[in-house]
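# Notes for the structure review
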Amino acid sequence: EAALRRPVEALITRKVGEAAETLDRGEDPKMGYVVADSQLAKLKDKGAVAAFMNPGGVRRNLEAGPLTYGDLIEVQPFNNTLVLVDLTGSQIRTLLEQGAASGRFLIPSAGTWFEVKDGKLGRVVIAGEDLDEAKTYRIVVNSFIAGGGDSLGVLATATTKTDTGLLDIDAFVEFVTANSPLKVTEVNRIRRG
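We now turn to the structure provided with this report. (Residues numbered from 1 in each chain as written. Predicted model: local features only at pLDDT ≥ 70, side-chain atom pairs only at ≥ 80, totals over all residues. Heavy atoms only, no water.)

## Some words on the environment of R59
- By the element assignment, R59 lies in the loop between β2 (50-53) and β3 (65-68).
- Given the relative accessible area of 44%, R59 is considered partly exposed.
- Expressed as a C-alpha distance, the spacing of R59 and R14, which sit 45 residues apart in the sequence, is 20 Å.
- Not counting chain neighbours up to four residues away, the residues in contact with R59 comprise R25, E74, V75, P77 and F78. (Helix = DSSP H or I, 4+ residues; strand = E, 2+ residues; numbered from the N terminus. Buried < 20%, exposed > 50% of the residue type's maximum accessible area, 1.4 Å probe, protein only. Contact = heavy atoms within 4.5 Å.)

Structural data, given as structure tokens:
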């Protein structure tokens, strides 16, 4: 049994990078931003312009300092795959409203932000530009919410959906390693009025 545990322990304790600051899941969820940014970075070359992460899929905070593979697995333990979804601007507004209705706002990747006032969705900016309701956008989400998890029905009914088979944890580890020491430069992506 000890012989079986050794390779697993070696993997879990392997340093993959470091955090320059504490990344938490609070009101301005830096931990969620990093996860969303990692997913967009992984699929930008496939035409993705934004990623949205469900807050329930971000399971813990990370303290400043060295980060191990085990730390990152604890943040993203579900082994979801990354899914590309084509949605109109109107559908993206519905998606964000469905998230807001549950009080669990979807966490956007860098370059994307939205305003919420009294539970109502206001201005939405995708990839640095105001949302165009008629335009089609390619976004990245995890396989759990792509299937309509967290009551996000607009994703379940999306007609153009491609499961890449790429694991969220692999994209996360790759991003942390490439961007260490990790610091979130773009905060306040969920602007509460």
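Having put the structure on the table, let's press on.
## Description of the sheet that holds strand β8 (residues 129-130)
- Overall, mixed pairing links the four strands, which are arranged β8-β7-β6-β11 in an open sheet. At either end of the open sheet lies a strand with only one pairing partner, and these are β8 and β11 (190-192).
- The pairing of strand β6 (residues 113-117) with β11 spans three bridges and is parallel. Bridging across to β11, E115 finds its partner in R191.
- The strands that helix α4 (residues 89-101) touches are β6 and β7 (120-126); relative to β7, the one it contacts most, it runs at about 130 degrees. (Pairing = 2+ DSSP bridges. Axes fitted to C-alpha atoms, helices over the stretch in contact; angles between N-to-C directions.)

## Side note on the sheet that holds β2
- With mixed pairing, the five strands of this open sheet are ordered in space as β5-β2-β9-β4-β10. Single-partner strands in this sheet number two, and they are β5 (107-108) and β10 (160-167).
- Across two bridges, β2 lies against strand β9 (residues 136-142) in parallel orientation. Counted as the bridge partner of A51 is V140 from β9.
- Packing against the sheet, helix α2 (residues 30-43) makes contact with β2, β4 (81-88), β5, β9 and β10, and its axis sits at approximately 140 degrees to β2.
- Seen against the sheet, α4 touches β2, β4 and β9 and runs at an angle of roughly 120 degrees to β4.

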